[in-house]
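Take a look at the letters that make up each chain.
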Amino acid sequence: MSALAAALALVLAPLAGPVSPASAAGKPGVSLSRSEAGTGGSITVTGNGWRPKTLLMMLICGQAVPSRGVIGGTNSCANADGRAVTTDAQGHFSKELPVTEPPKPCPCVVHVATVTGEKAEADAIFMVAGHSVEPLPKEVGGGRLSVLTDTRLDGSSGLLTWFGAPPSRGLVFTVGNIGTAAVKDPVFQIGTSHGVFAPQWEEQDWRGTIAPGKKAQIKLPVELAAGAHGDYTVSLRYGGKVLAEQPWGVGRPWGVTLFWILLAVVVPAAVFRVGMAVVDRVRPRRSAGRAGRHRSLRLPELASRVPRPAPFRMAKASPSAAAPVPPGTATNPTLPWFTPDNVPGTAANGQLSAPHDTSPTTKGNT
């Protein structure tokens, strides 16, 4: 059975494609279905040994070899035609990648790196058919720096950062000289990137000398733009090669948000107050004395025009009351109903009682 298994392995080995040395050593590795292809074609990229459920980015990069990495960083890669892939539960993936010409000449590689989490990357040699080929730039001097420890960001945000001031930190790392010559006053490049955008590089000088086989701790300032917030990545590059990357989560400047909310409330209120003051000053007014005079004169004038009723007087009935009044004689008006003197039962008209013998209405009397 062992002989049969060995024979099957020899038959299936060419179909599996080349296996990278990193994958054989237990590290993340990448293999390609073809080592050369022309623009417009595609290749299948297979990976093993990666972290489970991890998002990876696949790129074709120029001016790179697996031993030195991508010298120009992601600026040497065909970023627009890259592909993203997620590993399975065993850390395996397989996906097609379109072949396009990178912005730098070959030698070229297929570069696979993690997007989030702990940094991991792997390269596989690839040749873009018809693309220009140039020798790699020579390394300056005999000194070579390598990052020995994980990078970290020192510092904290102050009150001004809460109101939109530029966030700043210090990138701290330890490098060692693995070359044969001393490195004096190295010039590093610090890049900051937001999301999937390429980093913006800025040169940072460090004064000092690192002898061969020695190490040194270096701290370089890092600053973002005013009002920056979100997830950023700080990259460290030396000699055209990216040495380390450090994630940086920047909080939102809530002071700026509070300022705009207050501005949205205060400005309309101020405009309303100014408008009301203008309206109050422009509209015509009536003086208080004049208005009071009109009110005081209005009621008596109205009362003088209303006709008054004649006074009520009690008058006794007399024989001359029934006499006709000649025309033109002034008389006092009387009420249309009975006066007390004319009420039946009074002294003038006789007693109001039961009929007696002298009454003309008594039966038996004529």
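Cut-off values and rules
Residues numbered from 1 in each chain as written. Predicted model: local features only at pLDDT ≥ 70, side-chain atom pairs only at ≥ 80, totals over all residues. Heavy atoms only, no water. Helix = DSSP H or I, 4+ residues; strand = E, 2+ residues; numbered from the N terminus. Buried < 20%, exposed > 50% of the residue type's maximum accessible area, 1.4 Å probe, protein only. Areas by Shrake-Rupley, 256 points an atom, 1.4 Å probe, with all protein chains shown as cover. Disulfide = S-S within 2.5 Å. Phe/Tyr/Trp six-rings, centres within 6.5 Å; stacked < 30°, edge-to-face > 60°. Lys NZ or Arg CZ within 6 Å of the ring centre and 35° of its normal.

Peer 1: Pulling in residues and values, what's your account of the overall build of the protein chain?
Peer 2: Looking only at helices and strands, the protein chain has 5 helices and 20 strands in total. Residues classed as buried in the protein chain amount to 28% of the 366 residues present. Counting every atom, the protein chain has about 24600 Å² of accessible surface; 60% of that belongs to carbon and sulfur.

Peer 1: Residue-level account of the environment of Gly-195, with values.
Peer 2: Looking at where Gly-195 falls in the secondary structure, it is placed in the loop between strand S15 (187-194) and strand S16 (200-205). Along the chain, Gly-195 and Gly-230 lie 35 residues apart, while their C-alpha atoms are 8.6 Å from each other.

Peer 1: Now, about the state of the cysteines: what can you tell me, with residues and values included?
Peer 2: Applying the stated criterion to the full structure yields 2 disulfides. Each disulfide pairs two cysteine sulfurs, and for Cys-61 the partner residue is Cys-77, the sulfurs being separated by 1.9 Å. Given an S-S torsion of about 100°, the disulfide between Cys-61 and Cys-77 has right-handed geometry. One end of the pair, Cys-61, is in strand S4 (residues 55-62); the other, Cys-77, is in the loop between strand S6 (69-70) and strand S7 (83-86), with 16 residues separating them in the sequence. Given the relative accessible area of 0%, Cys-61 is considered buried. Accessibility expressed as a relative area gives 5% for Cys-77, which makes it buried. The disulfide pattern of the protein chain is 1-2, 3-4 when the bonded cysteines are numbered in sequence order.

Peer 1: Can you explain the packing of aromatic side chains? Please cite residues and give values.
Peer 2: Evaluated as defined, the whole model comprises 5 aromatic pairs. Between Trp-162 and Phe-163, the ring centres sit 5.1 Å apart and the planes meet at 85°, which makes this aromatic pair edge-to-face. Taking 5.6 Å as the distance between ring centres and 70° as the angle between the ring planes, the aromatic pair formed by Phe-259 and Trp-260 counts as edge-to-face. Of the residues examined, Phe-259 reaches a relative accessible area of 47% and is grouped as partly exposed. Taken together, the ring pairs connect Phe-173, Phe-188 and Tyr-238 into an aromatic cluster. The aromatic ring of Trp-201 is capped on one face by Arg-237, whose charged end is 4.0 Å from the ring centroid. The ring of Trp-254 carries the charged tip of Arg-252 above its face, separated from the ring centre by 5.7 Å.

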